[in-house]
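Below, each chain spelled out in residue letters.
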Amino acid sequence: MLQVTFHGAAETVTGSQHLVDVDGAQLLLDCGLFQGRRSESYERNRLPPYDVQQVQAVLLSHAHTDHSANLPSLARLGFAGKVHCTHATKDLAALMLRDSAKIQVSDTEFINKIRRRHHEPPVEPLYLPEHAEAVLGSLQGQAYNEKFSVLPYVAATYYDAGHILGSASIVCELDTVAGLRTIGFSGDLGRNDMPILRDPVELDTELDLLIMEGTYGNRQHETPADAVEALAAVVRRVCESGGKLIIPAFAVGRAQELTYWLHRLMEAGRVPRIPVFVDSPLASGVSKVFGDHSAIFDEETLAFIGTHPQGALRFKELTYVASADESRALNERSGPYIVISASGMCEAGRILHHLRNNIGDPRNIILIVSWQAEHTLGRRLVERQPRVRIFGEEFAVHAQVQVINGLSAHADQAGLLRWAGALRGRVKQVALVHGEPDALQALRAQMLAAGFPSVHIPKMHETLQIP
Ligand SMILES: [Zn+2]
Ligand SMILES: [Zn+2]
(Lines give C-alpha, C1' and ligand atoms only; values in the text may rest on other atoms or scores of the structure.)
(Ligands and ions follow the chains in the order given, each with its own letter.)
Protein backbone atom coordinates (compact mmCIF):
# COMPACT_ATOMS: atom_id res chain seq x y z
CA MET A 1 0.00 0.00 0.00
CA LEU A 2 1.24 3.46 -0.86
CA GLN A 3 -0.48 6.70 0.14
CA VAL A 4 0.37 10.34 0.75
CA THR A 5 -1.35 12.58 3.32
CA PHE A 6 -1.01 16.34 2.92
CA HIS A 7 -0.55 17.74 6.43
CA GLY A 8 0.50 21.24 5.37
CA ALA A 9 0.80 23.62 2.42
CA ALA A 10 -2.61 22.33 1.29
CA GLU A 11 -4.49 25.23 -0.35
CA THR A 12 -2.07 27.51 1.48
CA VAL A 13 1.60 28.39 1.27
CA THR A 14 3.08 27.59 4.68
CA GLY A 15 3.67 24.48 6.79
CA SER A 16 4.89 22.18 3.98
CA GLN A 17 4.74 18.56 5.22
CA HIS A 18 3.54 15.51 3.31
CA LEU A 19 3.47 12.09 4.97
CA VAL A 20 4.23 9.13 2.72
CA ASP A 21 3.02 5.75 3.99
CA VAL A 22 4.86 2.85 2.34
CA ASP A 23 3.27 -0.45 3.45
CA GLY A 24 2.97 0.94 6.97
CA ALA A 25 6.35 2.70 7.18
CA GLN A 26 6.20 6.50 7.44
CA LEU A 27 8.37 8.93 5.53
CA LEU A 28 8.01 12.71 5.70
CA LEU A 29 8.59 15.16 2.84
CA ASP A 30 9.51 18.49 4.52
CA CYS A 31 8.60 19.63 8.02
CA GLY A 32 7.81 23.33 7.75
CA LEU A 33 6.40 25.81 10.21
CA PHE A 34 2.80 26.77 9.71
CA GLN A 35 2.59 30.57 9.89
CA GLY A 36 -0.64 32.44 10.50
CA ARG A 37 -2.65 33.62 13.49
CA ARG A 38 -0.51 32.94 16.54
CA SER A 39 -2.74 30.66 18.64
CA GLU A 40 -3.81 28.52 15.69
CA SER A 41 -0.27 28.11 14.32
CA TYR A 42 1.13 27.35 17.76
CA GLU A 43 -1.23 24.43 18.30
CA ARG A 44 -0.78 23.11 14.78
CA ASN A 45 3.02 23.27 14.93
CA ARG A 46 3.19 21.87 18.44
CA LEU A 47 1.23 18.68 17.79
CA PRO A 48 1.65 17.25 14.29
CA PRO A 49 -1.40 15.11 13.38
CA TYR A 50 0.61 11.87 13.05
CA ASP A 51 2.67 9.67 15.32
CA VAL A 52 6.11 11.31 15.16
CA GLN A 53 7.83 8.25 16.64
CA GLN A 54 6.60 6.19 13.67
CA VAL A 55 8.33 8.51 11.17
CA GLN A 56 11.47 6.75 10.00
CA ALA A 57 13.08 9.47 7.86
CA VAL A 58 12.55 12.99 6.52
CA LEU A 59 13.43 14.24 3.04
CA LEU A 60 13.90 18.01 3.23
CA SER A 61 13.56 20.05 0.01
CA HIS A 62 15.22 23.29 1.19
CA ALA A 63 16.06 25.44 4.20
CA HIS A 64 13.21 27.99 4.10
CA THR A 65 11.21 28.26 7.35
CA ASP A 66 7.96 27.03 5.80
CA HIS A 67 9.72 23.77 4.82
CA SER A 68 12.26 23.10 7.58
CA ALA A 69 11.58 25.04 10.76
CA ASN A 70 9.30 22.57 12.51
CA LEU A 71 11.96 19.83 12.46
CA PRO A 72 12.95 20.61 16.07
CA SER A 73 9.36 19.82 17.12
CA LEU A 74 9.94 16.31 15.76
CA ALA A 75 13.02 16.00 17.97
CA ARG A 76 10.99 17.24 20.96
CA LEU A 77 8.42 14.48 20.27
CA GLY A 78 10.96 11.67 20.05
CA PHE A 79 11.83 11.43 16.34
CA ALA A 80 14.96 9.29 16.00
CA GLY A 81 15.45 8.96 12.22
CA LYS A 82 17.64 10.73 9.68
CA VAL A 83 16.84 13.98 7.88
CA HIS A 84 18.22 14.01 4.32
CA CYS A 85 18.93 17.25 2.44
CA THR A 86 21.55 18.69 0.09
CA HIS A 87 24.93 19.75 1.51
CA ALA A 88 24.14 23.47 1.17
CA THR A 89 20.72 23.01 2.80
CA LYS A 90 22.44 21.28 5.71
CA ASP A 91 24.68 24.32 6.31
CA LEU A 92 21.81 26.81 5.88
CA ALA A 93 19.54 24.75 8.16
CA ALA A 94 22.13 24.95 10.94
CA LEU A 95 21.85 28.76 10.90
CA MET A 96 18.09 28.84 10.37
CA LEU A 97 17.07 26.33 13.03
CA ARG A 98 19.35 27.80 15.72
CA ASP A 99 17.96 31.25 14.90
CA SER A 100 14.40 29.92 14.91
CA ALA A 101 14.87 28.26 18.34
CA LYS A 102 16.15 31.56 19.74
CA ILE A 103 13.10 33.36 18.32
CA GLN A 104 10.74 30.72 19.79
CA VAL A 105 12.23 31.28 23.23
CA SER A 106 12.24 35.09 23.11
CA ASP A 107 8.73 35.27 21.61
CA THR A 108 7.43 33.04 24.38
CA GLU A 109 9.05 35.23 27.06
CA PHE A 110 7.30 38.23 25.54
CA ILE A 111 3.92 36.45 25.35
CA ASN A 112 4.22 35.17 28.91
CA LYS A 113 4.84 38.71 30.16
CA ILE A 114 1.47 39.72 28.70
CA ARG A 115 -0.21 36.54 29.93
CA ARG A 116 1.04 37.23 33.47
CA ARG A 117 -0.59 40.65 33.34
CA HIS A 118 -3.88 38.96 32.43
CA HIS A 119 -3.39 36.29 35.12
CA GLU A 120 -3.12 33.55 32.50
CA PRO A 121 -0.77 30.58 32.91
CA PRO A 122 2.51 30.73 30.94
CA VAL A 123 2.97 28.85 27.67
CA GLU A 124 5.99 26.76 26.64
CA PRO A 125 8.19 27.64 23.65
CA LEU A 126 7.35 25.54 20.59
CA TYR A 127 10.85 24.08 20.94
CA LEU A 128 14.18 24.85 22.59
CA PRO A 129 17.73 25.27 21.27
CA GLU A 130 18.51 21.71 22.44
CA HIS A 131 15.79 20.35 20.12
CA ALA A 132 17.28 22.27 17.21
CA GLU A 133 20.72 20.84 18.06
CA ALA A 134 19.30 17.30 18.25
CA VAL A 135 17.78 17.51 14.80
CA LEU A 136 20.89 19.17 13.33
CA GLY A 137 22.79 16.10 14.49
CA SER A 138 20.57 13.91 12.33
CA LEU A 139 21.00 15.88 9.06
CA GLN A 140 22.56 13.90 6.21
CA GLY A 141 24.02 16.00 3.39
CA GLN A 142 23.50 14.60 -0.11
CA ALA A 143 24.86 15.61 -3.51
CA TYR A 144 22.61 16.64 -6.39
CA ASN A 145 21.86 14.00 -9.06
CA GLU A 146 23.15 11.07 -6.97
CA LYS A 147 20.73 8.41 -5.82
CA PHE A 148 20.97 7.56 -2.12
CA SER A 149 19.26 5.05 0.15
CA VAL A 150 16.65 6.40 2.58
CA LEU A 151 15.28 3.13 3.95
CA PRO A 152 16.05 -0.43 2.76
CA TYR A 153 13.19 -0.20 0.26
CA VAL A 154 13.26 3.55 -0.49
CA ALA A 155 15.83 5.46 -2.57
CA ALA A 156 15.81 9.16 -3.47
CA THR A 157 17.62 11.64 -5.72
CA TYR A 158 17.88 15.43 -5.33
CA TYR A 159 17.77 17.74 -8.35
CA ASP A 160 18.53 21.48 -8.30
CA ALA A 161 15.23 23.43 -8.02
CA GLY A 162 16.92 26.82 -8.62
CA HIS A 163 14.89 28.50 -5.83
CA ILE A 164 17.44 29.21 -3.09
CA LEU A 165 20.93 27.86 -2.48
CA GLY A 166 20.68 24.10 -1.92
CA SER A 167 17.00 23.90 -2.91
CA ALA A 168 15.89 20.64 -4.47
CA SER A 169 13.17 18.73 -6.21
CA ILE A 170 13.09 15.11 -5.09
CA VAL A 171 12.45 11.86 -6.91
CA CYS A 172 11.58 9.02 -4.56
CA GLU A 173 11.63 5.35 -5.66
CA LEU A 174 9.62 3.07 -3.40
CA ASP A 175 9.77 -0.70 -3.52
CA THR A 176 6.23 -1.49 -2.33
CA VAL A 177 4.45 -4.82 -1.92
CA ALA A 178 2.52 -3.93 -5.09
CA GLY A 179 5.70 -3.20 -7.05
CA LEU A 180 8.05 -0.29 -7.72
CA ARG A 181 6.41 3.16 -7.48
CA THR A 182 7.88 6.61 -8.06
CA ILE A 183 6.88 9.92 -6.45
CA GLY A 184 8.22 13.29 -7.59
CA PHE A 185 8.15 16.35 -5.29
CA SER A 186 8.92 19.71 -6.88
CA GLY A 187 9.83 21.47 -3.62
CA ASP A 188 9.71 25.23 -4.30
CA LEU A 189 10.65 25.95 -7.91
CA GLY A 190 12.86 28.87 -8.87
CA ARG A 191 13.11 30.79 -12.14
CA ASN A 192 15.38 30.72 -15.12
CA ASP A 193 18.01 33.46 -15.32
CA MET A 194 18.02 34.30 -11.63
CA PRO A 195 21.35 35.50 -10.24
CA ILE A 196 23.81 33.08 -8.58
CA LEU A 197 21.57 29.99 -8.85
CA ARG A 198 21.34 27.49 -11.67
CA ASP A 199 18.06 27.15 -13.55
CA PRO A 200 15.56 24.61 -12.15
CA VAL A 201 16.30 21.09 -13.42
CA GLU A 202 13.37 19.38 -15.15
CA LEU A 203 12.66 15.84 -13.95
CA ASP A 204 13.29 13.15 -16.53
CA THR A 205 11.37 10.13 -15.26
CA GLU A 206 8.02 8.32 -15.17
CA LEU A 207 6.03 9.23 -12.04
CA ASP A 208 3.07 7.61 -10.30
CA LEU A 209 2.49 10.88 -8.43
CA LEU A 210 3.87 14.39 -8.88
CA ILE A 211 3.48 16.72 -5.88
CA MET A 212 3.99 20.19 -7.29
CA GLU A 213 4.01 23.72 -5.89
CA GLY A 214 1.75 26.41 -7.37
CA THR A 215 2.52 29.59 -5.39
CA TYR A 216 2.26 31.80 -8.50
CA GLY A 217 0.04 29.47 -10.54
CA ASN A 218 -2.05 32.46 -11.61
CA ARG A 219 0.63 35.15 -12.01
CA GLN A 220 3.19 36.40 -14.50
CA HIS A 221 6.39 38.03 -13.11
CA GLU A 222 8.45 40.90 -14.48
CA THR A 223 11.74 39.56 -15.84
CA PRO A 224 14.80 39.64 -13.55
CA ALA A 225 16.43 42.03 -16.06
CA ASP A 226 13.56 44.56 -15.64
CA ALA A 227 13.80 44.22 -11.87
CA VAL A 228 17.53 44.98 -11.91
CA GLU A 229 16.93 47.99 -14.14
CA ALA A 230 14.38 49.26 -11.59
CA LEU A 231 16.85 48.63 -8.75
CA ALA A 232 19.53 50.65 -10.56
CA ALA A 233 17.10 53.54 -11.07
CA VAL A 234 16.23 53.60 -7.35
CA VAL A 235 19.92 53.62 -6.35
CA ARG A 236 20.60 56.52 -8.71
CA ARG A 237 17.66 58.46 -7.27
CA VAL A 238 18.82 58.07 -3.68
CA CYS A 239 22.31 59.22 -4.73
CA GLU A 240 20.80 62.40 -6.16
CA SER A 241 18.70 63.12 -3.06
CA GLY A 242 21.54 62.22 -0.68
CA GLY A 243 19.11 60.07 1.32
CA LYS A 244 19.22 56.51 2.55
CA LEU A 245 17.93 53.48 0.68
CA ILE A 246 16.40 51.03 3.14
CA ILE A 247 15.66 47.54 1.87
CA PRO A 248 13.85 45.02 4.08
CA ALA A 249 14.91 41.58 2.85
CA PHE A 250 14.67 37.93 3.85
CA ALA A 251 17.98 36.81 5.30
CA VAL A 252 18.14 33.67 3.16
CA GLY A 253 18.31 34.28 -0.56
CA ARG A 254 16.97 37.78 -1.12
CA ALA A 255 19.71 39.56 0.86
CA GLN A 256 22.43 37.72 -1.11
CA GLU A 257 20.71 38.32 -4.43
CA LEU A 258 20.55 42.09 -3.75
CA THR A 259 24.16 42.15 -2.61
CA TYR A 260 25.24 40.41 -5.81
CA TRP A 261 23.24 42.76 -8.06
CA LEU A 262 24.60 45.84 -6.31
CA HIS A 263 28.12 44.46 -6.74
CA ARG A 264 27.52 43.94 -10.49
CA LEU A 265 25.82 47.34 -10.97
CA MET A 266 28.63 49.25 -9.23
CA GLU A 267 31.26 47.23 -11.06
CA ALA A 268 29.63 48.04 -14.41
CA GLY A 269 29.42 51.74 -13.56
CA ARG A 270 25.62 51.68 -13.85
CA VAL A 271 25.16 53.15 -10.36
CA PRO A 272 27.49 55.32 -8.27
CA ARG A 273 29.70 53.54 -5.75
CA ILE A 274 28.07 54.26 -2.38
CA PRO A 275 28.36 52.34 0.89
CA VAL A 276 26.20 49.21 1.27
CA PHE A 277 25.47 47.68 4.68
CA VAL A 278 24.03 44.22 5.26
CA ASP A 279 22.63 44.65 8.76
CA SER A 280 21.38 41.21 9.80
CA PRO A 281 23.57 38.68 11.60
CA LEU A 282 21.60 35.83 10.01
CA ALA A 283 21.96 37.26 6.49
CA SER A 284 25.72 37.69 7.07
CA GLY A 285 26.00 34.05 8.18
CA VAL A 286 24.03 32.93 5.15
CA SER A 287 26.31 34.92 2.83
CA LYS A 288 29.26 33.00 4.26
CA VAL A 289 27.50 29.68 3.55
CA PHE A 290 26.95 30.88 -0.04
CA GLY A 291 30.72 31.43 -0.31
CA ASP A 292 31.36 27.87 0.92
CA HIS A 293 29.10 26.40 -1.78
CA SER A 294 30.15 28.35 -4.86
CA ALA A 295 30.57 25.01 -6.67
CA ILE A 296 26.80 24.92 -7.23
CA PHE A 297 26.54 28.51 -8.58
CA ASP A 298 25.48 29.07 -12.19
CA GLU A 299 28.06 29.58 -14.92
CA GLU A 300 27.66 33.36 -15.12
CA THR A 301 28.37 33.78 -11.41
CA LEU A 302 31.29 31.34 -11.58
CA ALA A 303 32.78 33.37 -14.43
CA PHE A 304 32.28 36.55 -12.38
CA ILE A 305 34.03 35.15 -9.30
CA GLY A 306 36.78 33.85 -11.59
CA THR A 307 37.80 37.52 -11.99
CA HIS A 308 36.75 38.52 -8.44
CA PRO A 309 38.61 36.12 -6.14
CA GLN A 310 37.09 37.72 -3.01
CA GLY A 311 33.74 36.25 -4.12
CA ALA A 312 30.45 37.47 -5.53
CA LEU A 313 29.20 38.70 -2.17
CA ARG A 314 32.19 40.80 -1.09
CA PHE A 315 33.22 44.19 -2.48
CA LYS A 316 34.93 47.34 -1.27
CA GLU A 317 31.74 49.32 -0.58
CA LEU A 318 30.05 46.45 1.27
CA THR A 319 30.08 46.02 5.06
CA TYR A 320 28.51 43.19 7.00
CA VAL A 321 27.34 44.87 10.22
CA ALA A 322 27.95 42.61 13.20
CA SER A 323 27.18 44.22 16.57
CA ALA A 324 24.06 46.09 17.66
CA ASP A 325 26.31 49.10 18.42
CA GLU A 326 27.55 49.21 14.83
CA SER A 327 23.96 48.93 13.69
CA ARG A 328 22.93 51.89 15.85
CA ALA A 329 25.92 53.91 14.62
CA LEU A 330 24.43 53.80 11.12
CA ASN A 331 21.70 56.15 12.31
CA GLU A 332 24.26 58.92 12.82
CA ARG A 333 25.73 58.45 9.37
CA SER A 334 24.55 60.74 6.58
CA GLY A 335 23.50 59.45 3.15
CA PRO A 336 23.65 58.41 0.48
CA TYR A 337 23.99 54.81 1.53
CA ILE A 338 22.12 51.52 1.23
CA VAL A 339 21.10 49.25 4.09
CA ILE A 340 19.73 45.73 3.59
CA SER A 341 18.19 44.38 6.77
CA ALA A 342 15.75 41.74 8.07
CA SER A 343 13.05 40.76 8.68
CA GLY A 344 11.70 40.80 5.14
CA MET A 345 8.17 41.79 6.15
CA CYS A 346 9.34 44.39 8.71
CA GLU A 347 7.84 42.42 11.60
CA ALA A 348 10.95 42.10 13.76
CA GLY A 349 14.70 42.59 13.75
CA ARG A 350 17.01 45.52 13.04
CA ILE A 351 15.02 46.74 10.04
CA LEU A 352 12.54 48.25 12.52
CA HIS A 353 15.18 50.61 13.93
CA HIS A 354 16.19 51.76 10.46
CA LEU A 355 12.57 52.40 9.50
CA ARG A 356 11.83 54.22 12.73
CA ASN A 357 14.81 56.54 12.30
CA ASN A 358 14.37 57.25 8.61
CA ILE A 359 10.69 57.00 7.74
CA GLY A 360 10.08 60.70 8.39
CA ASP A 361 12.58 62.06 5.82
CA PRO A 362 11.34 62.51 2.22
CA ARG A 363 14.90 62.11 0.85
CA ASN A 364 14.90 58.45 1.96
CA ILE A 365 13.53 55.54 -0.05
CA ILE A 366 12.10 52.33 1.40
CA LEU A 367 12.39 49.63 -1.25
CA ILE A 368 10.10 46.60 -0.97
CA VAL A 369 11.41 43.62 -2.96
CA SER A 370 9.33 40.71 -1.73
CA TRP A 371 5.78 39.66 -1.08
CA GLN A 372 4.27 41.19 2.09
CA ALA A 373 1.66 39.25 4.04
CA GLU A 374 -1.50 40.89 5.32
CA HIS A 375 -1.31 42.64 8.72
CA THR A 376 2.46 43.21 8.48
CA LEU A 377 4.21 46.58 8.60
CA GLY A 378 5.66 45.80 5.17
CA ARG A 379 2.17 45.44 3.74
CA ARG A 380 1.08 48.78 5.26
CA LEU A 381 4.04 50.45 3.58
CA VAL A 382 3.15 48.84 0.23
CA GLU A 383 -0.42 50.11 0.67
CA ARG A 384 1.08 53.60 1.15
CA GLN A 385 -0.67 54.14 4.48
CA PRO A 386 0.16 57.71 5.61
CA ARG A 387 0.88 56.74 9.22
CA VAL A 388 2.26 53.47 10.62
CA ARG A 389 3.07 52.10 14.07
CA ILE A 390 6.61 50.95 14.88
CA PHE A 391 7.39 49.65 18.40
CA GLY A 392 3.97 50.91 19.49
CA GLU A 393 4.69 54.49 18.42
CA GLU A 394 3.00 56.24 15.48
CA PHE A 395 5.05 57.70 12.62
CA ALA A 396 4.09 59.73 9.54
CA VAL A 397 5.47 58.13 6.38
CA HIS A 398 7.39 60.86 4.51
CA ALA A 399 10.03 58.58 2.99
CA GLN A 400 9.22 57.35 -0.53
CA VAL A 401 8.06 53.75 -0.82
CA GLN A 402 9.03 51.87 -3.97
CA VAL A 403 8.06 48.29 -4.89
CA ILE A 404 9.93 45.91 -7.22
CA ASN A 405 8.11 42.62 -7.88
CA GLY A 406 10.44 40.96 -10.39
CA LEU A 407 12.88 39.52 -7.85
CA SER A 408 10.60 36.66 -6.75
CA ALA A 409 12.43 33.37 -6.15
CA HIS A 410 9.35 31.40 -7.30
CA ALA A 411 8.50 30.36 -10.84
CA ASP A 412 5.47 32.16 -12.30
CA GLN A 413 2.69 30.39 -14.19
CA ALA A 414 4.71 30.13 -17.41
CA GLY A 415 7.74 28.84 -15.50
CA LEU A 416 5.69 26.22 -13.65
CA LEU A 417 4.11 25.01 -16.89
CA ARG A 418 7.48 24.86 -18.62
CA TRP A 419 8.94 22.79 -15.77
CA ALA A 420 5.94 20.43 -15.66
CA GLY A 421 5.90 20.19 -19.46
CA ALA A 422 8.92 17.88 -19.40
CA LEU A 423 6.76 15.35 -17.52
CA ARG A 424 3.75 15.48 -19.83
CA GLY A 425 2.56 11.98 -20.72
CA ARG A 426 4.77 10.47 -18.01
CA VAL A 427 2.78 11.27 -14.86
CA LYS A 428 -0.26 9.30 -13.66
CA GLN A 429 -1.49 11.80 -11.04
CA VAL A 430 -0.61 15.34 -10.00
CA ALA A 431 -1.27 16.92 -6.57
CA LEU A 432 -0.93 20.72 -6.48
CA VAL A 433 0.22 22.20 -3.15
CA HIS A 434 1.88 25.34 -1.72
CA GLY A 435 -0.48 27.98 -3.10
CA GLU A 436 -3.68 29.86 -2.35
CA PRO A 437 -6.80 28.20 -3.87
CA ASP A 438 -7.06 30.74 -6.76
CA ALA A 439 -3.47 30.13 -7.82
CA LEU A 440 -3.83 26.34 -7.66
CA GLN A 441 -7.15 26.36 -9.57
CA ALA A 442 -5.64 28.44 -12.37
CA LEU A 443 -2.61 26.15 -12.60
CA ARG A 444 -4.84 23.06 -12.55
CA ALA A 445 -6.88 24.35 -15.50
CA GLN A 446 -3.70 25.02 -17.48
CA MET A 447 -2.25 21.59 -16.71
CA LEU A 448 -5.45 19.79 -17.68
CA ALA A 449 -5.49 21.78 -20.93
CA ALA A 450 -1.87 20.75 -21.50
CA GLY A 451 -2.88 17.09 -21.29
CA PHE A 452 -2.11 16.01 -17.70
CA PRO A 453 -4.67 13.28 -16.94
CA SER A 454 -5.49 13.82 -13.27
CA VAL A 455 -4.70 17.04 -11.42
CA HIS A 456 -5.88 17.18 -7.84
CA ILE A 457 -5.84 19.98 -5.25
CA PRO A 458 -5.69 18.16 -1.89
CA LYS A 459 -7.44 19.59 1.17
CA MET A 460 -5.59 19.82 4.49
CA HIS A 461 -5.02 16.31 5.94
CA GLU A 462 -6.47 14.64 2.84
CA THR A 463 -5.00 11.26 1.82
CA LEU A 464 -4.29 10.28 -1.77
CA GLN A 465 -3.94 6.58 -2.68
CA ILE A 466 -1.31 5.53 -5.19
CA PRO A 467 -2.53 2.27 -6.77
ZN1 LIG B 1 11.08 28.33 -0.40
ZN1 LIG C 1 7.89 27.51 0.43
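Refer to the structure presented above.
Only a predicted model underlies this, so the values are computations on that prediction, with no experimental measurement involved.

Some remarks on helix 11 (residues 351–358)
- Every buried residue belonging to helix 11 is among Ile351, His354, Leu355 and Asn358, and all of these are buried. Across the axial projection of helix 11, the buried residues extend over an arc of 100 degrees, all falling on one side.
- In the core, the buried residues of helix 11 are packed alongside strand 12 (244–248), strand 15 (337–341), strand 16 (365–368) and strand 17 (387–390).

Brief notes about unusual backbone geometry
- Residue Gly335 is joined to Pro336 through a cis peptide bond whose omega torsion reads 0 degrees.
- Tracing the sequence through the fold places Pro336 in the loop between helix 10 (324–329) and strand 15.
- At Ala9, a position not held by glycine, the phi torsion is positive, near 50 degrees.
- Along the chain, Ala9 falls in the loop between strand 1 (2–6) and strand 2 (18–22).
- Notably, Arg384 is not glycine yet its phi reads approximately 55 degrees, a positive angle.
- Locating Arg384 in the fold gives a position in the loop between helix 12 (377–382) and strand 17.
- Classification of Arg384 by C-beta neighbours within 10 Å gives exposed; the count is 10.

Looking at the packing of helix 13 (residues 413–421) against helix 14 (residues 437–449)
- Running from N to C, helix 13 and helix 14 cross one another at 40 degrees; their axes reach a closest spacing of 11 Å. With respect to their mutual orientation, helix 13 and helix 14 come out oblique. Judged by the sense of rotation from one axis to the other, the crossing of helix 13 with helix 14 is right-handed. Side by side, helix 13 and helix 14 meet where Gln413, Leu416, Leu417 and Ala420 of the first sit next to Ala442, Leu443, Gln446 and Met447 of the second.
- A class-by-class count of the residues in the contact of helix 13 with helix 14 yields 6 nonpolar, 2 polar and no charged.

Topic: the sheet that holds strand 16
- Taken in spatial order, the 6 strands of this open sheet run 14-13-15-12-16-19, and their pairing is parallel. If you trace the sheet from one side to the other, it starts and ends with strand 14 (318–320) and strand 19 (400–403), each paired once. Strand-to-strand twist in this sheet, taken as the mean axis angle between neighbours without regard to direction, amounts to 20 degrees.
- Pairing of strand 16 with strand 19, which is carried by 4 bridges, proceeds in the parallel orientation.

What about the pairing of strand 8 (residues 154–160)?
- Strand 8 sits mainly inside the fold: 5 of its 7 residues count as buried.
- In this sheet, strand 8 lies alongside strand 7 (residues 148–151) in antiparallel orientation, the contact comprising 3 bridges. Bridged to Phe148 within strand 8 is Ala156.
- The loop that links strand 7 with its antiparallel partner strand 8 comprises 2 residues.

Things to note about the packing of helix 4 (residues 87–117) against helix 5 (residues 129–136)
- Orientation of helix 4 relative to helix 5, taken along the N-to-C sense of each, is 160 degrees, at an axis distance of 8 Å. Accordingly, the angle class assigned to the pair helix 4 and helix 5 is roughly antiparallel. Like other packed secondary-structure pairs, helix 4 and helix 5 cross with a definite hand, here right-handed. Packed against helix 4, whose contacting residues are Ala93, Ala94, Leu97, Arg98, Ser100, Ala101 and Lys102, the element helix 5 presents Pro129, His131, Ala132, Val135 and Leu136 at the interface.
- In terms of residue class, the contact of helix 4 with helix 5 is made up of 8 nonpolar, 2 polar and 2 charged.

Observations regarding the sheet that holds strand 8
- Taken in spatial order, the 7 strands of this open sheet run 7-8-9-10-11-20-21, and their pairing is mixed. At either end of the open sheet lies a strand with only one pairing partner, and these are strand 7 and strand 21 (455–456).
- The sheet contact formed by strand 8 and strand 9 (residues 168–176) spans 7 bridges and is antiparallel. For Thr157, the partnering residue across the bridge sits in strand 9 and is Val171.
- Contacts from helix 14 reach strand 20 (427–433) and strand 21, with the element oriented near 160 degrees to strand 20.

Criteria and cut-off values
- Residues numbered from 1 in each chain as written.
- Chains lettered and ligands numbered in written order.
- Predicted model: local features only at pLDDT ≥ 70, side-chain atom pairs only at ≥ 80, totals over all residues.
- Buried ≥ 20, exposed ≤ 12 C-beta atoms within 10 Å, placed from the backbone.
- Helix = DSSP H or I, 4+ residues; strand = E, 2+ residues; numbered from the N terminus.
- Arc of directions from axis to C-beta.
- Contact = placed C-beta atoms within 7 Å.
- Axes fitted to C-alpha atoms, helices over the stretch in contact; angles between N-to-C directions.
- Parallel < 35°, antiparallel > 145°, perpendicular 65-115°, else oblique.
- Left-handed = near helix turned anticlockwise from the far one by under 90°.
- Nonpolar A, V, L, I, M, F, W, Y, C, P; charged D, E, K, R; others polar.
- Pairing = 2+ DSSP bridges.

No statement about biological role is implied by the geometric values presented.
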